[in-house]
Amino acid sequence: MRQFSFPTPKVLKQKRSLSLFLVSLSLSQDQKPKLREACLNCLRLLCREYQGMDALTSSEGLTHLFDLIGIGEAHNQNPEEQEVKSEAAKCLVNLTLKHKDQIEAYVQEHNSLPRFIELLKNPSSPKTLLFPLGRVLFHLSIRSDFRDELVKPEIDAGLFFSKVVKQCFEENPESPTPENQLYIREALKVLLNLTTPVGPLGDSGPNGRPPTPQESAWFDILCPTLEKILLLPTTREFHGLKVDAVSCLINVPNTHVPIFNRTLIVPALLNFLDQHIIYTEHEPSGLIPILLILNSISGASAEVREVVRKHIFPPDFGDESPVSVQIPPWIERGDSVAARLVRHMTCLLYTSPSPRDRTRSRMSSS
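Residues numbered from 1 in each chain as written. Predicted model: local features only at pLDDT ≥ 70, side-chain atom pairs only at ≥ 80, totals over all residues. Heavy atoms only, no water.

Undergrad: What should I look at first to understand the overall build of the protein chain in this one?
TA: From N to C terminus, the protein chain includes 19 helices and zero strands. When each of the 366 residues of the protein chain is scored for burial, the buried share is 47%. For the protein chain, restricting intrachain contacts to residue pairs at least 6 apart in sequence, the fraction spanning at least 24 positions comes to 68%. For the protein chain, the accessible area works out to roughly 18,900 Å², and carbon and sulfur atoms hold 55% of it. (Helix = DSSP H or I, 4+ residues; strand = E, 2+ residues; numbered from the N terminus. Buried < 20%, exposed > 50% of the residue type's maximum accessible area, 1.4 Å probe, protein only. Contact = heavy atoms within 4.5 Å. Areas by Shrake-Rupley, 256 points an atom, 1.4 Å probe, with all protein chains shown as cover.)

Shown next as structure tokens:
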């Protein structure tokens, strides 16, 4: 399969032929599940590239793929083995990443979103479908019209995914398994999009808007579990899970902030910040959610503000002259969280002369 990663005209022609053959083979009604699964596995690898997947991104190809997963219009008449469903769903993940416009247009035309949730809610559906279908729903729910569709009372994806987070976490609350962590993270990603209108980054302004009774029911379930996730040991094993929990924490409305135990959650967030600075060495943007949360809770409470200040800044912070253009000693030492944040997020400011320094230099030499 590796040779198809180089899109020369000859390779593209071969890829189109192979994908057409695999699509035809996997969609054949009399095909054995194991062979169909193998074909879909090959197609999933081919879907990692943008070009040459016309056979699968066509309306007919997507129709058959959705039917195989169980979210097509004819899904009731075409039951499939669970392994085939899972492999077809993974195909759809890769297609969504590379051909999002076609997937969005197909989902909108065929009103497929309700069938995503219907399949996931089905007791006979394997939990393994939570990863691929959750990932597709995460990408689709970025669109406001799809998000509005998913939060309709008859679908209520927010309530479903809030329960997924709680149930998967409670299976082993002291140390969630990697598998359950994966399912929780996919659910939290979808919930991040669904709760955006309530949060400070939503369309309703910097303070968001009050949650509806339906949204309050989501947060009633979600908030206690978010707190438990953030109180897990500060290790690499749980760091990714905490990243998604912190992202969801941004959208928690003021009505549900009292659910959290401030004496426990503030130190947990500060410990998370310490670790996240290390883990996001080359990705400063990853610090934005935790910094937004710390800024918000510090502004709301003088007591919390003092705790955060003592944790982030060194004891001698503020001793330097306010008119000094030299690098403050607390940054040069680099022992504090503040020093690491400055170097991490504004390192260019201290690796080249500032405009004021350059001006003074020119004035003194003239």
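After that view of the structure, there is still more to cover.
Undergrad: Even after reading the chapter, I still don't get the side chain of Asn251, so can you show me in this structure?
TA: For Asn251, the position within the fold is in the loop between helix H13 (236-249) and helix H14 (262-279). A polar side-chain atom of Asn251 sits 3.0 Å from a polar atom in the side chain of Thr195. (Polar contact = N/O pair within 3.5 Å; in protein donor to acceptor, adjacent residues only side chain to side chain.)

Undergrad: Before we go on, may I ask you to explain the pattern of salt bridges in this structure?
TA: In this structure the tally under the stated criterion is 10 salt bridges. Among the ionic pairs, Arg143 bridges to Asp145, the shortest N-O distance being 2.5 Å. For Arg143, a relative accessible area of 24% puts it in the partly exposed group. Its relative accessible area of 33% is what places Asp145 among the partly exposed residues. With a closest N to O distance of 3.9 Å, Lys310 and Glu306 form a salt bridge. A residue pair is termed a helical-turn pair when its members lie 3 or 4 positions apart in one helix, as Lys310 and Glu306 do in helix H16 (residues 302-312) at four residues. By relative accessible area, Lys310 is classed as exposed at 57%. Via salt bridges that share partners, Lys100, Glu104, Arg143 and Asp145 belong to a single interconnected network. (Salt bridge = Lys/Arg side-chain N within 4 Å of Asp/Glu carboxyl O.)

Undergrad: What's the story with the confidence of the model for the protein chain in this structure? I'm lost.
TA: Detailed reading of the predicted coordinates is not advisable wherever pLDDT falls low. Model confidence for the protein chain is summarised by a mean pLDDT of 77, while 69% of its residues fall at 70 or above. Counted against residues more than four places away or in other chains, residues 347-366, with its pLDDT under 50, gives 10 contacts. (pLDDT = per-residue confidence, 0-100.)

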